[in-house]
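# Structure assessment
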Amino acid sequence: MPRSKKFRRARLIVMMLVVLLVAGVGYGGYRGVTAVRASFPEVDGTVKVAGLSAPVDVKRDANGIPQLYADTSEDLFRAQGYVQAQDRFWEMDVRRHITAGRLSEMFGDGQVDTDAFIRTMGWRQVAQKEYDTKLSPETKKYLQAYSDGVNAWLAEHPGGEKASLEYALLGVVNSGYKPEQWTPVDSVAWLKAMAWNLSGNLQEEIDRSLLAQDFGPDKIAELYPDYPYSRNGTIVKTGTVNGDTYRPADGSSQPGTTPGGGTAQGAATTKALLQGLTDRIDAMPQLLGRPGQGIGSNSWVVAGSHTTTGKPLLANDPHLGPGLPSVWYQMGLHCRTTSPACNFDVSGFTFAGMPGVVIGHNKDVAWGFTNLGADVTDLYLEKVTGPDTYQVDGKDVKFDLRKETIKVAGGEDRTITVRTTQTGAPLISDQSTEQQNVGKYAPNGSSAPDRGTGGYGVALQWTALSPGKTMDAVFELDKARNWDDFRAAAKDFAVPAQNLIYADSKNIGYQAPGVIPVRGKGDGSMPAPGWDSSYQWKPDPVPFTALPYSFNPAVGYIVTANQAVVDPSYKYTLTKDWEYGTRAKEITDQIEGLLKNNGKISPDDMQTLQLDNTSIMAKTLVPLLLKQQIDDPYVREAQDLLKDWNFHQDADSAAAAYYNGVWRNLLSLAFGQKFPVDIRAKDSCLLVRQQDDPTKPDSSTKIVTQCGTRDPSKAQPDGGDRWTEVVRAQLDKPDSSWWTYIDSDHKEQKGLDNLLKEAMKNARQDLTSQLGKDISTWSWGRLHKLELREQTLGTDDSSIASGVVHKLLNRGPYRLSGGSAAVDAAGWNAAAGYQVDWIPSMRMVVDLNDLDSSRWVNVGGASGHAFHQNYNDQTDLWLKGKLLTWAYTPDAVEKATKHKLVLTTG
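A short tour of the structure in this document, coming up. (Residues numbered from 1 in each chain as written. Predicted model: local features only at pLDDT ≥ 70, side-chain atom pairs only at ≥ 80, totals over all residues. Heavy atoms only, no water.)

## Some words on the packing of aromatic side chains
Condition: By convention, a stacked pair of Phe, Tyr or Trp rings (six-membered ring in the case of Trp) has centres within 6.5 Å and planes under 30 degrees apart, an edge-to-face pair has planes over 60 apart, and any other such pair is tilted. To qualify as a helix, a DSSP run of H or I must reach at least 4 residues; to qualify as a strand, a run of E must reach at least 2; elements of each kind are numbered from the N terminus. Charge-over-ring contacts are defined here by two conditions on Lys NZ or Arg CZ: a distance within 6 Å of the ring centre and an angle within 35 degrees of the ring normal.
This structure, assessed with the given rule, holds 43 aromatic pairs. Judged by centre distance (5.1 Å) and plane angle (40°), the ring pair of Phe 671 and Trp 738 falls under tilted. Here the residue Phe 671 occupies a position in the loop between helix H22 (654-670) and strand S23 (685-691), and Trp 738 occupies one in the loop between helix H23 (721-731) and strand S25 (741-742), the gap between them amounting to 67 residues. Here the aromatic residues Trp 190, Trp 328, Phe 349, Phe 351, Trp 856 and Trp 886 are joined through ring pairs into a cluster of three or more. In this structure, Arg 95 is placed above the aromatic ring of Trp 190, and the distance from its NZ or CZ to the ring centre is 4.1 Å. Over the aromatic face of Tyr 224 sits the side chain of Arg 722, whose NZ or CZ is 4.0 Å from the ring centroid.

This is how it looks when you write it as structure tokens:
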């Protein structure tokens with residue numbers, strides 16, 4: 001749908017407004033400064049908040065991080081809603097429009113396709129069902145109190161007036177927009193966004209299918225090698241499942257109580273089937289970062305017997321997409337006196353728009369998350385036989401139908417029909433003509449039904465589309481007092497499936513939670529045939545009692561970094577698309593080294609380990625690069641940078657810059673040249689060999705220039721953990737067909753040595769074009785840059801935002817150390833360039849001996865207001881690897897307090 005003239009004119013007005021505003025702020029213009037400051041929150045004095053039963057103290061430190069003190073739980077969460085709205089309401093408002101599929105109401109017709117896709121999945125409907133049928137009365141009470149607090153703030157800012165700069169900009173474009181009252185379901189729905197971005201192997205399922213158009217099963221297997229269990233290990237030593245009860249095999253002591261309780265048809269899927277789908281996924285807002293393999297997190301916990309403090313230490317740094325404001329919000333929620341009426345004394349990281357604390361600690365226990373990576377999504381090819389029917393086991397079955405009306409600011413409403421299978425899987429292909437006609441090009445196979453004229457549809461089965469109790473789990477974690485409480489909370493943590501690590505003053509532990517499906521036929525690696533009921537999920541998921549855990553393992557520490565949880569001897573299939581364990585192995589080796597050399601691990605050691613930027617793959621690849629005889633002195637000069645390199649990817653390292661340039665070019669020559677265009681990065685043009693007649697295997701070939709079509713952030717080969725394993729395996733095969741490539745002279749070359757030389761030559765040229773001829777001026781940070789971009793206004797082409805608006809709200813670029821498969825995971829996509837795509841979104845180290853000695857830092861800051869002093873005040877500390885002191889006890893919080901606001905009864 002074309003953008004209306006009204007919106008185009010409005011964008012020009014917005015640009016002019018911003019220029020005037022910048023001028024006003026930059027030169028001290030009274031009106032400009034006043035307009036910006038009008039949205040800043042009150043942080044001192046007294047404010048009336050309707051519904052409070054007693055005053056609540058809001059104590060903010062110099063970084064604007066609030067610590068709340070109340071007499072009742074409901075007052076505490078009512079105050080949390082009010083305070084988060086003070087700092088982040090615009091962000092909260094946009095997020096709830098995302099999860100409800102209502103972005104078009106704010107930003108116009110450019111968001112209709114995104115809304116249609118989210119409406120098709122039905123995030124808001126599922127959240128409503130969770131609230132209505134699954135959540136406990138206590139959780140509902142807290143959610144309502146939180147909503148009341150948000151609405152108390154909104155009553156002071158009707159229609160978004162003086163709420164934030166973004167509302168002023170939006171008002172020029174969409175003057176009729178007025179924020180609605182906040183509801184409990186707005187908070188619950190955010191869990192669906194979390195789950196979407198941490199949903200496992202959906203992208204891998206699509207990519208394998210797209211690769212199948214050019215490669216056979218053996219070649220695809222080489223691109224998705226087996227996990228290196230013997231080298232990189234698993235989170236827990238795989239135990240046994242007797243009946244449905246898991247028994248650890250790692251020397252764990254027994255906890256007191258246990259809480260109750262791809263196919264051949266998919267491989268034939270064509271470009272027409274899945275390219276449209278991946279385009280739609282690419283357009284989805286990625287407020288937590290891009291979903292899929294290659295992005296992860298680190299956490300580890302060390303027993304008190306191995307620490308200098310004598311008590312456990314716990315570290316966590318989730319890796320998510322960068323942006324402003326930060327996805328995380330730091331906060332403390334404290335009952336002045338803990339009692340049945342008020343039983344919270346917790347501090348940590350949460351999400352604006354959601355009550356409680358997601359990651360952090362209370363006075364008794366600490367916990368952290370990394371993505372489990374369980375395969376909780378499956379694509380099904382559906383034989384659609386009519387407007388409201390599809391085929392299962394040779395018989396027509398009716399879809400469940402519902403209509404959704406998408407309201408569009410400045411345009412006409414759009415009504416869509418959502419068709420859902422009897423298993424609860426929405427037909428996500430319905431919003432794309434390309435996907436509707438998918439079967440037109442796909443071979444049927446002997447067991448597949450005739451495609452007819454309409455082709456196959458594509459349905460999505462996903463655990464997050466069934467109501468769960470994750471919101472209950474958040475509050476249960478916040479109140480946990482021991483391991484049994486922790487596991488009881490984990491039992492309710494349905495989606496997204498996460499690795500949960502645990503520590504109290506005497507114990508450490510790990511628990512795998514989540515709703516994880518049990519499949520009939522198939523393993524979830526490829527789209528399955530929906531017309532065969534034997535491929536459907538079993539009615540019951542993996543029992544919680546059968547999920548792996550560890551409690552006080554004999555080794556004295558637990559590391560989770562998205563590696564395999566267990567080995568293949570485990571009774572159930574959690575996934576076949578684990579991360580490959582590079583970061584986990586490095587963290588484990590570092591811990592073992594510290595224990596061997598020092599005997600004990602200190603809080604400083606935990607913090608330093610988070611900054612380890614070693615390239616593990618470089619230790620294997622650099623010796624091979626140095627063995628190559630390079631005749632060209634121009635290239636040899638760059639090769640010499642690698643001679644004394646320590647494999648650290650420091651921002652000021654020239655060697656790191658050149659190595660990563662070689663790595664990128666190696667991947668492009670060996671794999672990128674051979675991949676179909678819908679896997680490669682948009683506008684990335686490579687020399688490839690093409691058959692004159694693809695239908696005739698023996699037809700002649702020619703070398704042509706071919707450009708990719710995929711969004712760069714999801715293009716392959718991305719160079720992440722999987723690719724280190726792919727290349728490692730092929731290095732043992734110097735004559736592998738993967739080492740055949742087209743050189744810069746348009747000639748076909750073969751062999752590993754030749755390709756390494758070509759990669760070094762190309763990298764020298766690449767870095768010269770970007771950094772200059774003088775290699776003494778090269779540095780990794782000049783290539784490897786991070787820009788913190790305001791996320792909620794979208795891109796220049798898809799929202800009201802202009803480049804001027806983004807320049808006003810964005811921060812950076814910053815030069816970063818680290819790399820994709822390093823512990824300090826400043827990730828970048830080798831198929832697209834060197835810019836940073838994902839980062840350690842926060843870092844924390846919890847000291848169970850002295851909670852006030854714990855440390856934390858966020859990217860960005862507490863405030864969502866672009867010119868507020870706390871909008872981006874923690875980023876410089878984060879860049880330098882520093883952490884803030886994390887005050888927790890009342891005395892420590894009072895000492896750190898710079899501003900005190902009292903919320904009184906209204």
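That was the structure; now back to the text.
## A closer look at the nonpolar core
The nonpolar side chains of soluble globular proteins are, as a tendency, buried together. What counts here: Buried Ala, Val, Leu, Ile, Met, Phe, Trp, Tyr and Cys residues form a nonpolar core when they are joined through side-chain atoms within 4.5 Å. When a residue's accessible area, from a 1.4 Å probe over protein chains only, is under 20% of the maximum for its type it is buried; when over 50% it is exposed; and in between it is partly exposed. For this analysis, residues touch if any pair of their heavy atoms sits within 4.5 Å.
One finds Trp 462, Tyr 570, Tyr 658, Tyr 659, Phe 671 and Leu 903 to be the most contacted residues of the largest nonpolar core, which totals 230 residues. The element that contributes the greatest number of residues to this core is H22, accounting for twelve residues. Excluding its chain neighbours within four sequence positions, the residues that come into contact with Tyr 658 are Val 635, Ala 638, Gln 639, Leu 641, Leu 642, Met 760, Ala 763, Arg 764, Leu 767 and Trp 778. In this structure, Tyr 390, Val 392, Ala 425 and Ala 528 belong to the second largest nonpolar core, which totals eleven residues.

## Notes on the packing of helix H7 (residues 137-156) against helix H9 (residues 184-197)
A packed helix pair is summarised by two numbers, namely the angle formed by the two axes and the spacing between the axes. For the record, the criterion: Every axis in this analysis is a line fitted to C-alpha atoms, fitted for helices over the stretch in contact. Angles between the N-to-C directions lie between 0 and 180 degrees. Working definition: roughly parallel below 35 degrees, roughly antiparallel above 145 degrees, roughly perpendicular at 65 to 115 degrees, and oblique for all remaining angles. Gly is placed with the polar residues, together with every amino acid not listed as nonpolar (Ala, Val, Leu, Ile, Met, Phe, Trp, Tyr, Cys and Pro) or charged (Asp, Glu, Lys and Arg).
At a minimum axis distance of 8 Å, the contact between H7 and H9 shows a crossing angle of 110°. Taken together, the axis directions place H7 and H9 in an arrangement best described as roughly perpendicular. Along the contact surface, H7 presents Leu 143, Gln 144, Tyr 146 and Ser 147, while H9 presents Pro 184, Ser 187 and Val 188. Residues that form the contact of H7 with H9 fall into these classes: four nonpolar, three polar and no charged.

## A closer look at the state of the cysteines
The line we're drawing: In plain terms, two cysteine sulfur atoms within 2.5 Å form what is called a disulfide here.
Summed over the entire model, instances satisfying the criterion amount to two disulfides. Here Cys 685 engages in a disulfide with Cys 707; their sulfurs sit 1.8 Å apart. Residues Cys 685 and Cys 707 are joined through a disulfide that is right-handed, its torsion about the S-S bond being 100°. With Cys 685 in strand S23 and Cys 707 in strand S24 (residues 701-707), this pair connects stretches of sequence that are 22 residues apart.

## What to know about the environment of Val 727
Turning to its location among the elements, Val 727 is positioned in helix H23. The class for Val 727 is buried, based on a relative accessible area of 0%. Placed 110 residues apart in sequence, Val 727 and Met 617 show a C-alpha to C-alpha distance of 9.2 Å. Those residues in contact with Val 727 that sit more than four places away from it in its chain are Met 617, Trp 663, Leu 666, Leu 667, Phe 671 and Trp 739.

## Observations regarding the packing of helix H20 (residues 616-627) against H22
Interaxial distance between H20 and H22 falls to 11 Å at its minimum, and their mutual angle equals 85°. Here H20 lies roughly perpendicular to H22, going by the angle between them. Within the contact between the two elements, H20 uses Met 617, Ala 618, Leu 621, Val 622 and Leu 625 and H22 uses Tyr 659, Val 662, Trp 663 and Leu 666. Here the residues of the contact of H20 with H22 sort into nine nonpolar, no polar and no charged.

## Side note on empty space enclosed by the protein
Where we set the bar: Think of a 1 Å grid over the protein atoms and nothing else: a 1.4 Å probe that fits but is trapped marks a cavity, an open set flanked by protein within 12 Å on at least five of seven lines marks a pocket, and residues with an atom within 4 Å of a point count as lining. Grid points are joined across faces, edges and corners, and a volume is the space filled by probe spheres set on the points.
Roughly 150 Å³ of volume is contained in the second largest cavity. Surrounding the second largest cavity, 16 residues form its lining, Ser 615, Gln 649, Thr 724, Ser 820 and Ala 821 being those nearest its centre. If you list the elements that add at least two residues to the lining of the second largest cavity, you get H20 and H22. A total of three residues in the lining of the second largest cavity trace back to one element, the largest contributor, which is H22. When its residues are assigned to classes, the lining of the second largest cavity shows seven nonpolar, nine polar and no charged.

## Focus: helix H5 (residues 112-121)
Counting buried positions over the ten residues of H5 gives nine, a clear majority of the element. Of the positions making up H5, those classed as buried are Val 112, Thr 114, Asp 115, Ala 116, Phe 117, Ile 118, Arg 119, Thr 120 and Met 121. Looking one or two residues past H5, Gly 122 carries a phi angle of roughly 75°, positive in sign.

## Focus: the sheet that holds strand S3 (residues 66-70)
What counts, and what does not: By the convention used here, strands pair only if DSSP detects at least 2 bridges between them.
Taken in spatial order, the eleven strands make up an open sheet running S1-S34-S2-S3-S8-S9-S10-S11-S18-S19-S21, and their pairing is mixed. Both outer strands of the open sheet, strand S1 (45-49) and strand S21 (549-551), are each paired with one neighbouring strand and no more. Here the strands of the sheet are splayed against their neighbours by 15° on average, with no regard to which way each runs. Where strand S9 (residues 345-350) lies against strand S10 (residues 359-362), four bridges are found, and the strand directions are antiparallel. The residue of S10 that forms the bridge with Val 346 is Asn 362.

## Quick word on unusual backbone geometry
A cis amide bond links Leu 324 to the next residue, Pro 325, at an omega of -10°. Within the element layout of this structure, Pro 325 appears in the loop between strand S7 (313-320) and strand S8 (329-335). Geometrically, the link from Val 495 to Pro 496 is a cis peptide bond, its omega value of -5° lying close to zero. Looking at the element boundaries, Pro 496 is found in the loop between helix H17 (483-491) and strand S18 (498-504). Not every positive phi belongs to a glycine, and Asn 552 is a case in point at roughly 50°. Unusually for a residue other than glycine, Phe 647 sits at a positive phi of about 70°. In this structure, Phe 647 sits in the loop between helix H21 (633-639) and H22.

## Some thoughts on the pattern of salt bridges
Spelled out, the test is: Salt bridges are defined as contacts in which a side-chain nitrogen from Lys or Arg sits within 4 Å of a carboxyl oxygen from Asp or Glu.
Inspection of the entire model under this criterion finds 44 salt bridges. The shortest N-O distance in the salt bridge between Glu 579 and Arg 583 comes to 3.8 Å. In this pair, the class of Glu 579 matches that of Arg 583, namely buried. The closest approach of N and O atoms between Arg 855 and Asp 604, which form a salt bridge, is 2.9 Å. Of this pair, Arg 855 sits in strand S32 (residues 855-858) while Asp 604 sits in helix H19 (residues 603-609), placing them 251 residues apart in sequence. Residue Arg 855 is classed as buried on the basis of its relative accessible area, which comes to 17%. You can call Asp 604 partly exposed: its relative accessible area is 46%. Salt bridges linked by common partners bring Asp 93, Arg 96, Arg 124 and Asp 186 together as one network.

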